[in-house]
Every structure is written in C-alpha cells, then in structure tokens.
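Now for the letters of each chain:
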Amino acid sequence: MKSVNEIDVALLPVGGTYTMNAEDAAEAIRQINPKMAIPYHWGDIVGGKSDAEQFAKSVQCDVKILTPGQTIKLE
C-alpha cells in the first residue's frame, strides 16, 4: 500500500469478516493518503454502519458513507 500514491478516491472494505476491519482499513488510508475514502462491504451480511462510522472517525481524509443505491458526484 505504501507504494500507491496520488489517489483521489479509495474504496476499502470495513466489514471485518473475510475483509479488512475498520481499523485495518484506516491504516491503509493512512498509508495511501487519498483525497476521499468510501467504506464498503458492511451492513448486508457482515459488519454494520457502526463499522463505517468508526472508520470515518479514524481517518483524516473526507469520507462518504453510502447506502445501497446512493451515489456521489465527483468534481
């Protein structure tokens, strides 16, 4: 991860089962330093919104927590 750079948007799993958990994903964000992060892989089978919220509180970049069907527009 440390070799990845100049990232605008990073999508990272935070569900914790079979994927990174919120803490692991936050560490990845600290290494790649994107402008924005979007947590995913939570709330359906594993993890919950609290995992995404914990992730958001743990990083310094802008975080968008999306729900199914929700979109964002990047400029």
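Everything numeric here is computed off the predicted structure, so don't read it as measured data.

Rules used in this analysis
- Residues numbered from 1 in each chain as written.
- Predicted model: local features only at pLDDT ≥ 70, side-chain atom pairs only at ≥ 80, totals over all residues.
- Heavy atoms only, no water.
- Pairing = 2+ DSSP bridges.
- Helix = DSSP H or I, 4+ residues; strand = E, 2+ residues; numbered from the N terminus.
- Right-handed = clockwise from strand over helix to strand, strands pointing away.
- Buried < 20%, exposed > 50% of the residue type's maximum accessible area, 1.4 Å probe, protein only.
- Arc of directions from axis to C-beta.
- Contact = heavy atoms within 4.5 Å.
- Polar contact = N/O pair within 3.5 Å; in protein donor to acceptor, adjacent residues only side chain to side chain.
- Salt bridge = Lys/Arg side-chain N within 4 Å of Asp/Glu carboxyl O.

*Asks:* Help me out: how do you make sense of the pairing of strand β1 (residues 9–13) in this one?
*Replies:* Regular strands have side chains that alternate between both faces of the sheet. Of the strand pairs in this sheet, β1 and strand β2 (residues 36–40) are connected by five bridges, and their pairing is parallel. Considered in β2, the bridge of Val9 is made with Met36. Where the polypeptide runs from β1 across helix α1 (residues 22–32) and back to β2, its parallel neighbour, the crossover connection is right-handed.

*Asks:* Quick question: what am I supposed to make of α1 here?
*Replies:* Note that an α-helix has 3.6 residues per turn; residues three or four places apart therefore point the same way. Ala22, Ala25, Ala26, Ala28, Ile29 and Ile32 are the residues of α1 that are buried. Along the axis of α1, the buried positions cluster into a sector of 160°, meaning they face one direction only. Where the residues of α1 are buried, they touch β1, β2 and α2 (49–58). The backbone nitrogen of Glu23 lies 3.1 Å from a side-chain oxygen of the residue at the head of α1, namely Asn21. In the stretch just after α1, Asn33 is the one whose phi turns positive, near 50°.

*Asks:* Help me understand unusual backbone geometry, please; the structure alone is not making it clear to me.
*Replies:* Leave glycine aside and you will find that most residues have negative phi; peptide bonds, for their part, are mostly trans. Located in the positive-phi region is Glu6, a residue other than glycine, with phi close to 55°. Relative to the assigned elements, Glu6 resides in the segment before β1. Positive phi, close to 70°, is recorded for Tyr18, a residue that is not glycine. Within the fold, Tyr18 resides in the loop between β1 and α1.

*Asks:* So what exactly am I meant to see when it comes to the pattern of salt bridges here?
*Replies:* Two side chains carrying opposite charge are able to pair once their charged atoms lie near each other. Tallied over the full model, the rule gives three salt bridges. In this structure, Lys35 engages Asp8 in a salt bridge whose closest nitrogen and oxygen atoms are separated by 3.1 Å. Of the two residues, Lys35 is situated in the loop between α1 and β2 and Asp8 in the segment before β1; the sequence distance between them amounts to 27 residues. On the basis of relative accessible area, Lys35 is assigned to the exposed category, the value being 61%.

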